[in-house]
Amino acid sequence: MRVSILVPSDEYRNYAGARIRYGRLQPQLAQLGVSLQLEDVASFMPDQSECDVLLISKCHDARSLIAAAGVSRREKLVGVDLFDDYFSQFADARLVGFRNWLNQLLPMCNFALCSTEAIAKVTAMYRRDLPVHVLNDPAEPVAGLPAILEAKLARVLDERRIRLSWFGIGDNPYFKVGLRDLAAHGGILNSLQRSGMDIELNVLTNARALDSQGLSLINRLPVRASIQEWSEDRERNHLNKVFACFLPVSAQAFSVAKSLNRAITALSAGCQVISVGYPLYEPLDPFIYRDPTSFLSDLTRRQMRHSARAAGKFVSVLQTLASPAAEARAFVNFLEGLTPLAAGFSTNVVLVHGHEANGAAHRLVHAIHGYSAASPYCTTELEFDVIFRGQWGQPVMFVAQKVAERVRPEVRGRLRETKRFVNRRYWEVLNDDAEAIIGSEASTWNEAPLPLRIATYRRAVDEMRSRIEQVFGPSQTIISENSPIPFYSEAVPQTS
């Protein structure tokens, strides 16, 4: 079995999600006869791929929807791997694009892969009947852990210095997380400072988070802090040196859906973990400190929760929560129980561009012999197969000369050669009453008042889908909207 993971870029291969989630599973899956390949969405060709399973990971644009449609019609398995919760915040207009994307993708999916039970519940809001598998982030084997724990404890008592770490992605364009969580819980660090020991904090994060605002948040912490840009090697070397990791968690939906990955990584490196706020790491509770008082008390008594005497218990818990072999076997068993959506989708794939055209998606839909259509909102000059223009509530459909012969036979009598766009000949598809809307009335809608566009957008989408079905027959219509303005093209899922 060949599983292709569709990823947003080559750079993504180095991110924790790909490196930990997929990289650690590859050798285990290979032993079970499963090949796992990461493929950049920019170069993926759905009609040529030799995959048996396509798994879409963090590709939140129309290209992944076209890939899913192209692979689905070849009766291959299609799934989506969901890490982050950008989908349950229905009152947040900034996330409309994510919700529209998931709403369009899930009907083409055979399954969803989720990193936590929390994100699995979010998936059920969109499609209750979809098979879902929770794949825990696998952890690397722990070697020499008791000796590492003893050495770190001895060092901190000898030096009277507690080396702390905060590591991870420090920012997010939609949620106040990362360095904001660290700053919000700075009082905990102040409590450690009053212990009489020297407290030293190292922040290891992505460069983008280290702007003026991020640096200001770190500067206001009550302890001495150093900063390094994250890399895999730096993380490994850093965790080998520090005694404890401070990992506060906010209670918002985005954070609640996160995996145990950071805490497991820290504990596996022989670090103590202090985590305040939302109890995200509750499955690891015997090894996690929830307040500085108990941490300092155990340190004074030389009896830390994560210790040499408890190392065997930790390894046992790790085997239950994050065994690469067990996770790989469960994943394969899950895939083997699925059936492709046989003949569930039309061979017609039609990409409709909203206010802003997606050039890469335009090329990809042509690569699988589909159609690229401009909505009345779209003014980009591309070689579209279909163009919608007209007055409000009356979108007029124009088809290019090269696709006119592919319309349904009963529609051909209603084609009238009438207009050129981008120096190409188009035929207008007349309505049943044969009233052509041409000339100055065949206009775009992008200059209409914004409230009107927002209010009527979904109705326009429904009308375009209907016209496409009438002209070309059963079609898989995909809506691509790159505008940051919250234009709804799909119904909001029911949360009850």
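Heads up: the structure comes first, above all this text.
Residues numbered from 1 in each chain as written. Predicted model: local features only at pLDDT ≥ 70, side-chain atom pairs only at ≥ 80, totals over all residues. Heavy atoms only, no water.

A.B. asks: Looking at this model, I keep getting lost on the packing of helix 3 (residues 62-72) against helix 16 (residues 359-367). Mind explaining?
C.D. replies: Any two packed helices are characterised by how steeply their axes cross, that is the angle between the axes, and by the distance between the axes. Relative to each other, helix 3 and helix 16 sit at 15 degrees, their axes nearing to 9 Å. Judged by the angle between their axes, helix 3 and helix 16 are roughly parallel. Where helix 3 crosses over helix 16, the handedness of that crossing is left-handed. In this structure, helix 3 contributes A62, R63 and I66 to the contact, and helix 16 contributes A360, A361, L364 and V365. (Axes fitted to C-alpha atoms, helices over the stretch in contact; angles between N-to-C directions. Helix = DSSP H or I, 4+ residues; strand = E, 2+ residues; numbered from the N terminus. Parallel < 35°, antiparallel > 145°, perpendicular 65-115°, else oblique. Left-handed = near helix turned anticlockwise from the far one by under 90°. Contact = heavy atoms within 4.5 Å.)

A.B. asks: Just checking my understanding: could you explain unusual backbone geometry for this structure?
C.D. replies: One non-glycine residue, K58, lies in positive phi territory at about 60 degrees. Mapped onto the elements, K58 comes out in the loop between strand 3 (53-57) and helix 3. Exposure remark for K58: the relative accessible area of 30% places this residue in the partly exposed category. One non-glycine residue, R302, adopts positive backbone phi at about 60 degrees. With respect to the helices, strands and loops of the structure, R302 is situated in the loop between helix 13 (292-301) and helix 14 (311-322). Taking the relative accessible area as the measure of exposure, R302 reaches 56% and is therefore exposed. (Buried < 20%, exposed > 50% of the residue type's maximum accessible area, 1.4 Å probe, protein only.)

A.B. asks: Explanation requested: the sheet that holds strand 17 (residues 415-421) in the structure shown.
C.D. replies: Adjacent strands of a sheet pair through backbone hydrogen bonds, lying either parallel or antiparallel. Spatial ordering of the open sheet is given by 17-18-16-15-14-13-19, a layout of 7 strands whose pairing is mixed. Each edge of the open sheet is held by one strand with a lone partner, namely strand 17 and strand 19 (475-480). In this sheet, adjacent strand axes meet at a mean angle of 30 degrees when their direction is disregarded. Note that strand 17 and strand 18 (residues 424-429) share 6 bridges and pair antiparallel. Each bridged residue has a counterpart across the sheet, and for R420 the counterpart in strand 18 is R425. (Pairing = 2+ DSSP bridges.)

A.B. asks: What is the right way to read the nonpolar core from this model?
C.D. replies: Generally speaking, soluble globular proteins have nonpolar side chains that are buried together. Judged by nonpolar contacts, the single largest core of 46 residues is most densely connected at F87, W101 and L105. For this core, the elements supplying multiple residues, two or more each, are strand 3, helix 3, strand 4 (77-82), helix 4 (96-105), strand 5 (111-114), helix 5 (117-126), strand 13 (348-353) and helix 16. Considering every element that reaches this core, the biggest residue donor is helix 3, with 7 residues. (Core = buried A, V, L, I, M, F, W, Y, C linked by side-chain atoms within 4.5 Å.)

A.B. asks: Got a minute to help me understand the environment of V256 in this structure?
C.D. replies: You can see V256 is positioned in helix 11 (residues 253-256). Between the C-alpha atom of V256 and that of I218, which follows or precedes it by 38 residues, the distance is 23 Å. If near-sequence neighbours (up to four positions away) are discounted, V256 is found in contact with A118, A251, Y278 and L280.

A.B. asks: Just checking my understanding: could you explain the packing of aromatic side chains for this structure?
C.D. replies: For any pair of aromatic rings, the description consists of the separation of the ring centres together with the inter-plane angle of the planes. Scanning the model with the defined rule gives 19 aromatic pairs in all. Summarising the aromatic geometry, the rings of Y86 and F254 are spaced 5.4 Å apart at their centres and angled 50 degrees between planes, so their arrangement reads as tilted. Of this pair, Y86 sits in the loop between strand 4 and helix 4 while F254 sits in helix 11, and the two are 168 residues apart along the sequence. Classification of F254 as buried rests on a relative accessible area of 6%. With a centroid separation of 5.8 Å and 80 degrees between ring planes, the pair formed by F111 and F334 is classed as edge-to-face. (Phe/Tyr/Trp six-rings, centres within 6.5 Å; stacked < 30°, edge-to-face > 60°.)

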